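Read off the chains here:
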Amino acid sequence: MSVAEAAGTSEVPEPGRRNRSGSPRQIPVVGVVTEDEDAQGAFKTMDLNRVIKLLEETDKDDLEEEQLKSVKKLVQCYQNGLPLRDLAQIFKILNLCAEKIENQPHFIESAFNILKLCGLPFLKKKVSDEITYAEDTANSIALLGELMKIANSELRIQICKCIVDFYHAEPPKKHITGYQQASSSYKIKMAEVGGLAKKMVQSLALLENQLVEKLWVLKALQHLSTSEVNCTLMMKAQAASGICAHLNDPDPSGQLLFRSSEILWNLLEKSSKEEIIQQLSNLECLLTLKEVFKNLFMRGFSHYDRQLRNDILVITTIIAQNPGAPMIECGFTRDLILFATFNEVKSQNPLVKGLKLSNSYEDFELKKLLFNIIVILCKDLPTIQLLIDGKVILALFTYVKKPEKQKTIEWSAAQYEELQLHAIATLSSVAPLLTEEYMLCQGNARVLAFLQWCESEDSFFSHGNSYHGTGGRGNKFAQMRYSLRLLRAMVYLEDETINNDLCEKGTIQQLIGIFKNIIKSHDKEEAIVLEIQSDILLILSGLCEHHIPRKEIFGTEGVDIILHVMKTDPMKFQSGLGYNVLLFSTLDSIWCCILGCYPLEDYFLEKEGIFLLLDLLALNQKKFCNLVLGIMVEFCDNPKTTAHVNAWRGKKDQTAASLLIKLWRKEEKELGVKRDKHGMIVDTKKPLFTSFQEEQKIMPLPANCPTIAIMDVAENIRAKIYAVLGKLDFENLPGLSAEDFVTLCIIHRYLDFKIGEIWNEIYEEIKLEKLRPVTTDKKILEAITTASENIGKMVASLQSEMIESQAHQDVQNEQKVYAKIQATHKQRELASKSWENFLARTSNAKTLKKAKRLQEKAIESSRYSGQPPNAIFHRTDIKGLNTTVPSGRVVTVESTPARLLGGPLADTDIALKKLPIRGGALQRVRAAKTVNEPKKIAPT
């Protein structure tokens, strides 16, 4: 940090620089105050330059007394604080006094008194003084670190007190007229700029056997280490290793260990953690930490000692994360394992003889920290033998059981639950490294029995307070989750001894039962339930993979739980609760538990499992497509699968073939494959080349290294789509458009194109290696290259024909649509003319009569002219009826509703009250009396 950054943005003036008026800087003066001035708190005039000049004179022998008097006078003048403008000269006087101490011991008192003044507030006359005198202040404070080299205990202690006072600023004893106190953090910032912390660390080397002074320096460093800047400076001075190496030095007060551990904590938190760990990862530091921890563990009984012990263990845990730390060499690892297990596994080691942990918070935290450091230590393989000797697996398995009242240590229910979960989590890391000890302890039987208790309905109230107990309050889900994690870790070792033992103990049926029970119970803790379900499916996958008899044990019940998960609402996959992980576990279990077992495959097909897979594929989520298509490829080996795939229909009646081709086009677009607007091949020599392949130059590779063309097969889904469509035979695929058929031509020839691409790579590598193949090989290579290009041209030609045929078909379809539209318009015209004729007949009597005559004429002309003798002719029409519609002798007419005849026209001739039905036209008759007509009452 620069001075300007620490104090402000103003430029720091150089010493002797003129002010704006052009006059030279005046000599700072202070002086003795009068009684009136003392009441007001004003400085009296004093020439500091004269004091400096007096101290610098060495020619005369009788100056010592005068020099001491001038310094004493200065101390009296600055009893209420040090002005920032005088600070540089005051510290120069201090430095001159310090230089004289070796030959003139009387100056010790003068230096001591000036150092006392440094603990007083710094005073500023102007607001800008903090910026103006920032550099002088930083250099002055840095001088305190240099003065630590003086071999005088009182001075060193006073320097440390002065630094501590920086962090406990007090207001001035008297208010000085014209001055105000500098900001409380000003001294601290200037100490950072001046690099005081680094010099204080370096001073520790001078105090090897001086305990009191060392404690004061550590106290000062403890305050300084609260700043990131100071911690960085201390790190560069190797403070961590220097302080840690002396942790176990004799100290009756106990302050050395407390302050040193506090400084180490601050260094780890506020500077480069990696660098501090590296400084502490040496044999000397670890031996010291080991002895300190052992002493506190065995002899520390106070609350303070236990806290300090735990702090040392945390620092050790952080160091243990460094693989290069000599934890085993110094014997610390063996002791830590002993301390972690002595309560559970009885030991005759004198270190733990008679030791007993209480249920206090500090001992509880210690137990968890010891479990935690075992997890870290086991990452170093040489530690495994020590874990075996310490019987760590047996000790941890003492917690994998139904909670009971402890005889040795009466932990509270919440404490025991947390330790139990922590122990099982530790087993998940340690047990896979110690499989023999795991089996000797009957680990599988213990875990399965514990899982059975977790599934039971025994009364148990889980507190769920800890990190490991998250989501398990009031239930046994936390215990179940960590037990399943342990089983998963053991199953994924693929150790047949462990897996066979699990299967013989009925693990598959038990896990399926647990899964079904979880489905039935709707719990609020959705995230933890999803994790449990995912782990169960992963364990089942690990057990059933490559074992047909185990897949048969998995059975239809197992298939049912897989189908249940696959029917999950797709919107939940975006919830972030763990549904994605559960789905991946489900797809993995389909691959490992169903495929290869024909009865389960058939049952999966009967339950419309293929439909669910295609529904999942239709979601168009790239993270699932590769795995789903791989499963589809394997399922298509079953002859019953084809019918199910062809029967599937998605949104807008989309078929499976259309979906797969759509995915192909999307994949090629993402890969940057060159295609025209119709999806046709652009480059017949490289019809499958991606943009990545275009950018990468072909280079010679060893025979065992796959080339870019080979890697392309595994890195995208095109090969899987080709395999699925190949199993569907590429023929008679329903629901395809012309665009789909164009793409299908490319998919059909995918293998031919890929083979040609690989041969082209071989040919190019031969050229790059400057090899000349024999004539026959050269001809064969050229023939293969030409054949591949010809296939590309043939496919491009076929695609062109398809596009032209589709264009012709589109024209024909358009013409048919136009013909249909034309016929519709003609029909409308005929209907319009018929309506016009009808209107003419009804509105014009002449037209009606003319139409009637034409009708009668047409009827007569259609009749048979010859009549047999004695035949009776019956007329079918009614004479005098002027209508052009066919009429019979009986006509039914519905009466007009009475509600339509009421109103102003009710008594007129138009209102017909009764219409008789007779032969011929309707005629008007006299009004008939209406039945049940209400009688009218005559007015009186």
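Residues numbered from 1 in each chain as written. Predicted model: local features only at pLDDT ≥ 70, side-chain atom pairs only at ≥ 80, totals over all residues. Heavy atoms only, no water.

Caption draft 1: Inspection of the environment of Asp 495 at higher detail. Along the chain, Asp 495 falls in the loop between helix H26 (477-491) and helix H27 (496-504). On the basis of relative accessibility, which here comes to 26%, the residue Asp 495 falls in the partly exposed class. It is 10.0 Å that separates the C-alpha atoms of Asp 495 and Pro 432, two residues lying 63 residues apart in sequence. A distance of 2.9 Å separates the side chain of Asp 495 from the backbone nitrogen of Thr 497, its partner in a polar contact. (Helix = DSSP H or I, 4+ residues; strand = E, 2+ residues; numbered from the N terminus. Buried < 20%, exposed > 50% of the residue type's maximum accessible area, 1.4 Å probe, protein only. Polar contact = N/O pair within 3.5 Å; in protein donor to acceptor, adjacent residues only side chain to side chain.)

Caption draft 2: Inspection of helix H12 (residues 211-224) at higher detail. Across its 14 residues, H12 extends 20 Å between first and last C-alpha, which sits within 8% of the 20 Å expected from 1.5 Å per residue. Judged by how many residues are buried, H12 sits mostly within the fold: 10 of 14 residues are covered. (Expected span 1.5 Å × (residues − 1).)

Caption draft 3: Geometry of the nonpolar core. Leu 613 and Leu 725 are the most contacted members of the largest nonpolar core, which has 239 residues in total. When neighbours within four sequence positions are excluded, Leu 725 is seen to be in contact with Ala 657, Leu 660, Ile 661, Phe 730, Leu 733, Leu 744 and Ile 747. (Core = buried A, V, L, I, M, F, W, Y, C linked by side-chain atoms within 4.5 Å. Contact = heavy atoms within 4.5 Å.)

Caption draft 4: Just the sheet that holds strand S2 (residues 122-124), in detail. Taken in spatial order, the 3 strands line up as S1-S2-S3 in an open sheet, and their pairing is mixed. Two strands bound the open sheet, and with one partner strand each, they are strand S1 (82-83) and strand S3 (180-181). Both S1 and S2 contribute to a ladder of 2 bridges, which runs parallel. Of the residues in S2, the one forming a bridge with Leu 82 is Phe 122. (Pairing = 2+ DSSP bridges.)

Caption draft 5: Looking closely at the pattern of salt bridges. Overall, the coordinates contain 34 salt bridges when judged by the stated rule. Between Glu 66 and Arg 50 there is a salt bridge; the shortest N-O distance is 3.7 Å. Of this pair, Glu 66 sits in helix H4 (residues 64-77) while Arg 50 is found in helix H3 (residues 48-56), placing the two residues 16 residues apart along the sequence. Overall, the relative accessible area of 36% leaves Glu 66 in the partly exposed class. The partner of Arg 156 in a salt bridge is Glu 213, with the nearest N and O atoms 3.1 Å apart. (Salt bridge = Lys/Arg side-chain N within 4 Å of Asp/Glu carboxyl O.)

Caption draft 6: Spatial organisation of the environment of Val 375. Along the chain, the position of Val 375 falls in helix H20 (residues 361-377). Along the primary structure Val 375 and Ser 429 are separated by 54 residues, whereas in three dimensions their C-alpha atoms are 6.2 Å apart. If we skip the residues at most four places from it in the chain, Val 375 touches Thr 426 and Ser 429.

Caption draft 7: Spatial organisation of helix H31 (residues 579-594). Its 16 residues give H31 an end-to-end C-alpha distance of 21 Å, which sits within 8% of 22 Å, the value for a rise of 1.5 Å per residue. Summarising burial for H31: 12 of the 16 residues are buried, a large majority. Of all the residues in H31, the buried ones are Tyr 579, Asn 580, Leu 582, Leu 583, Ser 585, Thr 586, Leu 587, Ser 589, Ile 590, Cys 592, Cys 593 and Ile 594. Packed against the buried residues of H31 are helix H29 (526-544), helix H30 (548-566), helix H32 (598-606), helix H33 (609-618) and helix H34 (622-635).

Caption draft 8: Structural detail: the side chain of Asn 499. Within the secondary structure layout, Asn 499 lies in helix H27. With residues near it in sequence (within four places) discarded, Asn 499 still touches Met 490, Val 491, Glu 494, Gly 542, Leu 543 and Arg 550.

Caption draft 9: Seen up close, unusual backbone geometry. In this structure, Glu 494 is a non-glycine residue whose phi angle is positive, near 60°. Relative to the assigned elements, Glu 494 resides in the loop between H26 and H27. If you check the backbone angles, Glu 608 has positive phi at about 65° while not being a glycine. Positionally, Glu 608 belongs in the loop between H32 and H33.

Caption draft 10: Molecular detail of the packing of helix H36 (residues 656-671) against helix H39 (residues 718-727). Packing of H36 against H39 brings their axes to within 10 Å, and their N-to-C directions diverge by 160°. The angle between the axes of H36 and H39 places the two elements in the roughly antiparallel class. Regarding H36 and H39, the two cross each other, and that crossing is left-handed. In this structure, H36 uses Ala 657, Leu 660, Ile 661, Leu 663, Trp 664, Glu 667, Glu 668 and Leu 671 to contact H39, whose residues at the interface are Arg 718, Ile 721, Val 724 and Leu 725. Residue composition of the contact of H36 with H39, by class: 9 nonpolar, no polar and 3 charged. (Axes fitted to C-alpha atoms, helices over the stretch in contact; angles between N-to-C directions. Parallel < 35°, antiparallel > 145°, perpendicular 65-115°, else oblique. Left-handed = near helix turned anticlockwise from the far one by under 90°. Nonpolar A, V, L, I, M, F, W, Y, C, P; charged D, E, K, R; others polar.)

Caption draft 11: Quick peek at the packing of aromatic side chains. Using the criterion set out here, one finds 17 aromatic pairs in the structure. Ring plane angle 55° and centroid distance 6.1 Å describe the contact between Phe 258 and Tyr 304, whose orientation is recorded as tilted. Placement of the pair is Phe 258 in helix H15 (residues 255-270) and Tyr 304 in helix H18 (residues 303-320), with a sequence separation of 46 residues. An aromatic cluster of at least three residues, connected via ring pairs, comprises Phe 293, Phe 297, Phe 332, Phe 339 and Phe 342. The lysine or arginine in question, Lys 100, covers the ring of Phe 107, its NZ or CZ lying 5.9 Å from the ring centre. For the cation-ring pair, Arg 718 lies above Trp 664, with the distance from its terminal atom to the ring centre recorded as 6.0 Å. (Phe/Tyr/Trp six-rings, centres within 6.5 Å; stacked < 30°, edge-to-face > 60°. Lys NZ or Arg CZ within 6 Å of the ring centre and 35° of its normal.)

Caption draft 12: Quick look at the environment of Pro 83. Here Pro 83 shows up in strand S1. Overall, Pro 83 belongs to the buried group, its relative accessible area being 0%. Distance in space between the C-alpha atoms of Pro 83 and Lys 124 is 5.8 Å, their sequence separation being 41 residues.

Caption draft 13: Quick look at a nonpolar patch on the surface. Side chains of Leu 751, Ile 755, Trp 759 and Ile 762 sit close together on the surface and give an oily, nonpolar patch of about 320 Å² of accessible area. Relative to the elements of secondary structure, Ile 755 occurs in helix H41 (residues 750-768). Here Ile 755 falls in the partly exposed class, since its relative accessible area comes to 40%. (Patch = residues over 30% accessible without salt bridge, like charges linked within 9 Å, V, L, I, M, F, W, Y side chains within 5 Å. Areas by Shrake-Rupley, 256 points an atom, 1.4 Å probe, with all protein chains shown as cover.)

Caption draft 14: View of the packing of helix H28 (residues 507-520) against H30. Running from N to C, H28 and H30 cross one another at 15°; their axes reach a closest spacing of 10 Å. Comparing their axes, H30 and H28 come out roughly parallel. Seen from above, H28 lies across H30 with left-handed handedness. Contact residues: H28 offers Ile 508, Gln 509, Ile 512, Phe 515, Lys 516 and Ile 519, while H30 offers Arg 550, Ile 553, Phe 554, Glu 557, Gly 558, Ile 561, His 564 and Val 565. Residue composition of the contact of H28 with H30, grouped by class: 8 nonpolar, 3 polar and 3 charged.

Caption draft 15: Highlighting a positive patch on the surface. On the surface, a cluster of positive charge is made up of Lys 846, Lys 849, Lys 850 and Arg 853. On the secondary structure map, Lys 846 appears in helix H43 (residues 845-862). (Lys, Arg positive; Asp, Glu negative; His and termini not counted. Charge placed at Lys NZ, Arg CZ, Asp CG, Glu CD.)

Caption draft 16: Spotlight on the side chain of Asn 322. Its location among the elements puts Asn 322 in the loop between H18 and helix H19 (332-341). With a relative accessible area of 16%, Asn 322 lands in the buried category.

Caption draft 17: A look at the confidence of the model for the chain. The pLDDT averaged across the chain works out to 84; a share of 85% of its residues lies at or above 70. Of the regions scoring below 50 in pLDDT, residues 8-41 engages in 58 contacts with residues more than four places distant in sequence or in other chains. Confidence over residues 910-940 falls short of pLDDT 50; this stretch has 14 contacts with residues more than four positions distant or in other chains. (pLDDT = per-residue confidence, 0-100.)

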